[in-house]
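# Inside the fold
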Amino acid sequence: MRVDVLTLFPEMFAGVFGSSILGKAQDKGIVSFNAINFRDYAGNKHGTVDDTPYGGGGGMVLKPEPIFRAVEDLLGREVDGETGDTVKDPAAAAEPDLTPNPSVRPPRIILMCPQGETFTQKKAEELAQEDHLIFICGHYEGYDERIRQHLVTDELSIGDYVLTGGELPAMVVIDSVTRLLPGVLGNETSAVTDSFSTGLLEYPHYTRPVEFRGWRVPDILLSGHHANVDEWRRKEALRRTWERRPDLLEKVELSPKDLRWLEEIKANAPKGKD
């Protein structure tokens, strides 16, 4: 997978892309990361990327030209303002043929913004199937609407709150997507059993020592009986989801056994917990 990020602060991504799971994934050649300063595409000596909004009002709005130019430079061709597809730049007739190959999927161009679709594990799994992701990270008051209408394929938000820019949200999405790529995690089942991947919150985890300050690991986890361990983990995932995120239970498909266990959990819960 190839991941490009358009930002005014590319230095913010150096540590993230070079560390931990993401750094190892890049070292293995599973993914490549690239942070581009779209101010380099401003087209004027002052590097202007924003301007005052038409109609008045506070704040500054990101101009369309630098962002369109940056994306088109990544793609090697001009973006069709009507279809969102890419077309060969007429001014580059003497250049090698860059006509899109129909066998290659076009990139997903993702705008990070508070008005976007709320990012979920399901969306991460969807994006992990792509070959090329381009993230646009804004600052200031917002984006010129023509960027939304004629350039991007997705708009994403990581929650109902406001940050100073799209860089941190982009890092969250990139981390979430990258860890789902084959070969990135040491244990391939880790991503499958994570919270939200199954629709439920994850069960509790324990490791050595068996006893710490009088708190003991549940005996069933020491039994070596894998079927019983799996059953315990499923029950605990149901319990934790019901206690902390009951809304998720409305969206996940539960088996008859799950429903029976859930009723037992509710019946044995302390009074006052419905």
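In this report, the structure presented in the accompanying data block is examined. Owing to the predicted nature of the structure, the values given are computational and were not obtained by experimental measurement. (Residues numbered from 1 in each chain as written. Predicted model: local features only at pLDDT ≥ 70, side-chain atom pairs only at ≥ 80, totals over all residues. Heavy atoms only, no water.)

## Side note on the packing of helix H8 (residues 226-244) against helix H9 (residues 256-267)
Viewed as axis vectors pointing N to C, H8 and H9 meet at an angle of 60°, and their least axial separation amounts to 10 Å. Our classification of the angle between H8 and H9 gives oblique. Crossing of H8 over H9 shows right-handed handedness. Residues Glu231, Arg234, Lys235, Leu238, Arg239 and Trp242 of H8 lie in contact with H9, whose contacting residues are Asp258, Trp261, Leu262, Ile265 and Lys266. (Axes fitted to C-alpha atoms, helices over the stretch in contact; angles between N-to-C directions. Helix = DSSP H or I, 4+ residues; strand = E, 2+ residues; numbered from the N terminus. Parallel < 35°, antiparallel > 145°, perpendicular 65-115°, else oblique. Left-handed = near helix turned anticlockwise from the far one by under 90°. Contact = heavy atoms within 4.5 Å.)

## Considerations on the nonpolar core
One finds Val3, Val5, Leu127, Phe135, Val173, Ile174 and Val177 to be the most contacted residues of the largest nonpolar core, which totals 27 residues. For this core, the secondary-structure elements that each account for two or more residues are strand E1 (2-7), helix H2 (20-27), strand E7 (108-118), helix H4 (121-127), strand E8 (132-137) and helix H6 (167-178). The biggest single contributor to this core is H6, with 5 residues. Beyond its immediate stretch of four places on either side in the chain, Phe135 contacts Val3, Asp4, Val5, Leu6, Ile110, Met112, Ala170, Val173 and Ile174. Ranked by size, the runner-up nonpolar core spans 23 residues in total, among them Val49, Val79, Ile134 and Tyr143. (Core = buried A, V, L, I, M, F, W, Y, C linked by side-chain atoms within 4.5 Å. Buried < 20%, exposed > 50% of the residue type's maximum accessible area, 1.4 Å probe, protein only.)

## A few points about the sheet that holds strand E4 (residues 61-62)
Pairing in this open sheet of 3 strands is mixed, and the strands run E3-E4-E9 from one edge to the other. Two strands close off the open sheet at either side, each with one partner strand: strand E3 (50-51) and strand E9 (142-143). Inspection of the sheet shows E3 paired to E4 by 2 bridges, in the antiparallel sense. From the neighbouring strand, Asp50 faces E4, where its bridge partner is Leu62. (Pairing = 2+ DSSP bridges.)

## Here's the deal with the pattern of salt bridges
Under the definition given, this model contains 17 salt bridges. Here Asp247 ties to Arg245 by a salt bridge, and the two come within 2.9 Å at their closest N and O atoms. Residue classification places Asp247 among the partly exposed residues on the basis of a relative accessible area of 29%. Among the residues examined, Arg245 registers a relative accessible area of 30% and is labelled partly exposed. Within this structure, Arg108, Glu117, Lys123, Glu126, Glu130 and Asp154 form a network of salt bridges that share partners. (Salt bridge = Lys/Arg side-chain N within 4 Å of Asp/Glu carboxyl O.)

## A look at the side chain of Thr241
Counting through the fold element by element, Thr241 comes out in helix H8. Residue classification places Thr241 among the buried residues on the basis of a relative accessible area of 0%. Discounting residues that sit within four places of it in the chain, Thr241 has contacts with Leu200, Leu201, Pro246, Leu248 and Leu249.

## Side note on the environment of Gly57
Checked against the element boundaries, Gly57 lands in the loop between E3 and E4. Once the C-alpha coordinates of Gly57 and Glu141 are considered, the two residues, 84 residues apart in sequence, prove to be 9.9 Å apart.

## Describing the packing of aromatic side chains
All told, the structure shown has 3 aromatic pairs when counted by the stated rule. Relative to Phe17, the ring of Phe13 lies with its centre 5.3 Å away and its plane at 35°, an arrangement referred to as tilted. For Phe13, a relative accessible area of 1% translates into the label buried. On the basis of an interplanar angle of 55° and a centroid distance of 6.0 Å, the ring pair of Phe212 and Trp215 is categorised as tilted. Of the residues examined, Trp215 reaches a relative accessible area of 58% and is grouped as exposed. (Phe/Tyr/Trp six-rings, centres within 6.5 Å; stacked < 30°, edge-to-face > 60°.)

## Brief notes about unusual backbone geometry
With an omega of 5°, the peptide bond running from Arg208 to Pro209 counts as cis. The topology assignment puts Pro209 in the loop between helix H7 (190-193) and strand E11 (211-212). Residues other than glycine seldom take positive phi values, yet Arg213 does so here, at roughly 55°. Looking at the secondary structure, you find Arg213 in the loop between E11 and strand E12 (215-216).

## Looking at H8
Helix length check: H8 (19 residues) gives 27 Å between terminal C-alpha atoms against 27 Å at 1.5 Å per residue, within 8%. Val229, Trp232, Glu236, Ala237, Leu238, Thr241 and Trp242 are the residues of H8 that are buried. Next to the buried residues of H8 lie H9. (Expected span 1.5 Å × (residues − 1).)

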